[in-house]
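One-letter residues, chain by chain:
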Amino acid sequence: MRVAGFLSALAATLSVALASAETTTIKGFILPSEHLQHLTLLGPTTRVILTGAGDAELASFVHPGGSFAIPNVSPGTYALRVHSPTHAFHLLRLDVPSISSAPIVRRWNPAEPWATAPPAEGEWVGEYPLRLEARAELDWYEKREGFNAAGMLKNPMMLLMGGSVLMMVLMPMLMKNMDPEALKEMQENQNKIASVQNMDFVGGLASFLSGSSPQDGSKEAGDAGKAGAGGSAGGGKRAAGGGRRR
């Protein structure tokens, strides 16, 4: 039994040694930059993640000095990203041809095909060990806006109020320089509009469309009333005269 246990432990040790002999360790640093003045500003949960074929992930936390190491990386093509809650980093592509040669580092566009190919002429190629710099600082909060006079003037209500005040100031000046006939016509139109606004919608609208003023309509109505009264009075007198003749 002891011999069997010893042999199984030896086999496990040899398998681990063979597996580690076929893999490599990806090393690198996160350097201070314009958007990351001090490495202490990185969140404690910042990780460097390698994603390979089949969405297999290998990750490593970032040490206080900015270094990281991802062990047990087999030859192949990987996408490298830095998962940080405070800063954004470029996406990189790592081609690991073998455990004896350095990985090829270049920028990665998710829209590009995932095929192993040498870097194109003029393509950006990074250094190894990796040297990563933050490209932006993440801001999860919206800044409170201060007082903005120009923003108030863009408000539709302020524009309407300003237009009304401007008309109140300029209208008397325009009326002074207006032709008398044009002024009279404008006053008649205002009276027509006022009649429509004073709940006399049907009569005011009819007079507005016919071109006559409400005063003309009331005058015609008054004349018709007087004529009717005169006719009834004349008929009464004739009837009285006839009664006397009888």
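Position labels on residues start from 1 in each chain and follow its written sequence. Reporting in this predicted model follows two pLDDT cut-offs: at least 70 for local features of residues, and 80 or more for side-chain atom pairs to be given and counted; totals over whole chains, interfaces and linings ignore these cut-offs and use all residues. Note that water and hydrogens are dropped before the side-chain values are worked out from all heavy atoms of the structure.

## Description of the pairing of strand 1 (residues 24-31)
Then, in step 1: Burial status follows relative accessibility: with a 1.4 Å probe on protein chains alone, a residue under 20% of its type maximum counts as buried, one over 50% as exposed, and anything between as partly exposed. Numbering goes from the N terminus for both helices and strands, where a helix is a DSSP run of H or I of at least four residues and a strand is a run of E of at least two. Residues Thr 24, Ile 26, Gly 28 and Ile 30 point to one face of strand 1 and are all buried, whereas Thr 25, Lys 27, Phe 29 and Leu 31, pointing to the other face, are not buried.
Then, in step 2: Here a strand pair is declared whenever DSSP counts at least two bridges between the two strands. The pairing of strand 1 with strand 10 (residues 130-137) spans four bridges and is classified as parallel. Looking at strand 10, one finds that Ile 30 is bridged to Leu 132.

## Notes on the side chain of His 87
Then, in step 1: Following the sequence through the fold, His 87 ends up in strand 6 (residues 87-89).
Then, in step 2: Throughout this description, a polar contact denotes any pair of N or O atoms lying within 3.5 Å of each other; where both atoms belong to protein, one of them has to be capable of donating a hydrogen while the other can accept it, and for residues adjacent in sequence the pair is counted only when both atoms sit in side chains. Polar contacts involving the side chain of His 87 include one to the main-chain carbonyl oxygen of His 35, which spans 3.1 Å.
Then, in step 3: Once you skip the residues sitting within four places of it in the chain, His 87 turns out to touch His 35, Leu 36, Leu 41, Leu 42, Ala 134, Ala 136, Glu 137 and Leu 138. Contacts are assigned to residue pairs with any non-hydrogen atoms lying within 4.5 Å of each other.

## Regarding the sheet that holds strand 4 (residues 67-73)
Then, in step 1: Strand order across the open sheet formed by four strands is 4-1-10-6, with mixed pairing between neighbours. Here the strands that pair on one side only, and so sit at the sheet edges, are strand 4 and strand 6. Averaged over all pairs of adjacent strands, the angle between strand axes in this sheet comes to 40°, irrespective of strand direction.
Then, in step 2: Here strand 6 pairs with strand 10 via three bridges, running antiparallel. Note on strand 10: the bridge partner recorded for Ala 88 is Ala 136. A fitted line through C-alpha atoms serves as each axis, taken over the contacting stretch for helices, and the angle formed by two N-to-C directions is quoted from 0 to 180°.

## A short note on the layout of surface pockets
Then, in step 1: Only protein atoms enter the calculation, which uses a 1 Å grid: trapped sets of points that fit a 1.4 Å probe without letting it out are cavities, open sets showing protein on both sides within 12 Å along at least five of seven lines are pockets, and any residue with an atom within 4 Å of a point is a lining residue. Grid points are joined across faces, edges and corners, and a volume is the space filled by probe spheres set on the points. Counted as a void, the largest pocket has a volume near 230 Å³.
Then, in step 2: Forming the walls of the largest pocket are 14 residues, and the residues nearest its centre are Arg 107, Trp 124, Arg 131, Leu 132 and Glu 133.
Then, in step 3: For the lining of the largest pocket, the secondary structure elements donating two or more residues are strand 8 (104-107) and strand 10.
Then, in step 4: With six residues, the top contributor of residues to the lining of the largest pocket is strand 10.

## Here's the deal with unusual backbone geometry
Then, in step 1: The linkage connecting Tyr 128 with the following residue, Pro 129, adopts the cis geometry, with an omega of 0°.
Then, in step 2: Inspection of the secondary structure puts Pro 129 in the loop between strand 9 (125-126) and strand 10.
Then, in step 3: The phi dihedral of Asn 72 falls on the positive side, at around 60°, and the residue is not glycine.
Then, in step 4: Tracing the backbone through its elements, the reader meets Asn 72 in strand 4.

## Some points on the pattern of salt bridges
Think of it this way: side chains of opposite charge can pair up when their charged atoms draw near.
Then, in step 1: Only one rule defines a salt bridge in this text: a Lys or Arg side-chain nitrogen within 4 Å of an Asp or Glu carboxyl oxygen. Here the structure, examined in full by the defined rule, presents four salt bridges.
Then, in step 2: Note that Arg 81 and Glu 57 form a salt bridge whose closest N and O atoms lie 3.4 Å from each other. With Arg 81 in strand 5 (residues 76-83) and Glu 57 in strand 3 (residues 57-61), this residue pair connects regions lying 24 residues apart in the sequence.
Then, in step 3: By relative accessible area, Arg 81 is classed as partly exposed at 30%.
Then, in step 4: Between Glu 127 and Arg 131 there is a salt bridge, with its nearest N and O atoms 3.3 Å apart.
Then, in step 5: The network of salt bridges with shared partners includes Arg 93, Asp 95 and Arg 106.

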